[in-house]
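Residues per chain, in single letters:
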Amino acid sequence: MSKLSLRTYTLLQTVTSVGLSAMAWAVTGVRPIWSGSEPSDRQRIYFANHTSHGDFILLSACLSETERAKTHAIAAAEYWGKSRLRRFIAEDMLSSVLISRQWTNEAEHPISIMLSVLDQGHSLIIFPEGTRNTSDELLPFRSGLYNLSMARPDVELIPCWIENMSRVLPKGQFLPVPLLCRVVFGAPVVVGPGEERRAFLQRARAELLALNPRPDRDD
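Reading the values: the criteria
Residues numbered from 1 in each chain as written. Predicted model: local features only at pLDDT ≥ 70, side-chain atom pairs only at ≥ 80, totals over all residues. Heavy atoms only, no water. Disulfide = S-S within 2.5 Å. Helix = DSSP H or I, 4+ residues; strand = E, 2+ residues; numbered from the N terminus. Contact = heavy atoms within 4.5 Å. 1 Å grid on protein atoms, 1.4 Å probe; cavity = no way out; pocket = protein on both sides within 12 Å on 5 of 7 lines; lining within 4 Å. Points joined across faces, edges and corners; volume = space filled by probe spheres on them. Nonpolar A, V, L, I, M, F, W, Y, C, P; charged D, E, K, R; others polar. Buried < 20%, exposed > 50% of the residue type's maximum accessible area, 1.4 Å probe, protein only. Polar contact = N/O pair within 3.5 Å; in protein donor to acceptor, adjacent residues only side chain to side chain. Phe/Tyr/Trp six-rings, centres within 6.5 Å; stacked < 30°, edge-to-face > 60°. Lys NZ or Arg CZ within 6 Å of the ring centre and 35° of its normal.

Turning our attention to the state of the cysteines. Scanning the model with the defined rule gives zero disulfides in all. With no disulfide of its own, Cys160 lies 8.7 Å from the sulfur of Cys62, the closest cysteine sulfur. Summary of cysteine pairing: Cys181 is not part of a disulfide, and the nearest cysteine sulfur, belonging to Cys62, is at 9.5 Å.

Next comes the structure, spelled out in structure tokens:
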């Protein structure tokens, strides 16, 4: 990539990031709640519930401009890589990292791809349920969160509960509905000594559920 192309590419991502963040604040009045953790430039893996394509935009809007610039959402290649336009939006505009559930060689292994991003000093936003979920309960967590933590134990795992995005941008809709939202950032979750994968994933899921500010209200 030429220097001019690289500058244009970087400018596109910066403008998109700032624009989407401003839109998220304007449409949702998003209120970040730091409960057990604080804003930081430290490298992190933010893991959150997933009900809408707008989830990572809302979460990113709660980060500082510096942190947002080096934080990438993990997205499904099966959806975002379906066409050139979707791939352009995901990778070039939103700076997302696409992974495939149907990988066939080690270079396409989702964990390998995510580790390569972490090894560049960047942070990640992941959705451990693995798919959008509009039910009242979290789906069981997939093993990626555990594998990443075991491979890079110095990277903080921060649970994030995203409230109301399923109503702001429901599945199948493209125009957001103005509605107040909150993102609750919890305390870091760490794999305990000798803790097995299943036990850790159940505990991480429980930590995320506990951040729901309105557990008895049907969103």
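So that's the structure; there's more coming.
Another point: unusual backbone geometry. You will see that Ser95, though not glycine, has its phi angle at about 60 degrees, which is positive. The topology assignment puts Ser95 in the loop between helix H5 (84–93) and strand E4 (97–99).

Time to look at the environment of Val191. Position of Val191 among the secondary structure elements: in the loop between strand E7 (182–185) and helix H9 (197–209). Put simply, Val191 and Met150 are 41 residues apart on the chain and 7.5 Å apart in space, counted from C-alpha to C-alpha. Once you skip the residues sitting within four places of it in the chain, Val191 turns out to touch Tyr146, Ser149, Met150, Phe200 and Arg203.

Our next topic: the layout of surface pockets. Empty space among the atoms can be located by rolling a probe the size of a water molecule over them. Counted as a void, the largest pocket has a volume near 840 Å³. Lining the largest pocket are 35 residues, with Ala76, Ile99, Arg101, Phe127 and Gly130 sitting closest to its centre. For the lining of the largest pocket, a count of residues per class yields 19 nonpolar, eleven polar and five charged.

Turning next to the side chain of Thr71. Position of Thr71 among the secondary structure elements: in strand E3 (residues 71–76). With a relative accessible area of 7%, Thr71 lands in the buried category. Among the polar contacts made by the side chain of Thr71, one reaches the main-chain carbonyl oxygen of Glu67 at a distance of 2.6 Å. Contact partners of Thr71, with chain neighbours within four places excluded, come to Tyr46, Leu63, Ser123, Leu124 and Ile125.

In the structure shown here, the tally under the stated rule is five aromatic pairs. Geometrically, the ring pair formed by Tyr146 and Phe200 is tilted, given 5.9 Å between the ring centres and 50 degrees between the ring planes. Of this pair, Tyr146 sits in helix H7 (residues 144–151) while Phe200 sits in helix H9, placing them 54 residues apart in sequence. Relative accessible area serves as the criterion here: at 0%, Phe200 is assigned to the buried category. Sitting over the face of the ring of Tyr79, Arg86 holds its NZ or CZ atom 4.0 Å from the ring centroid.

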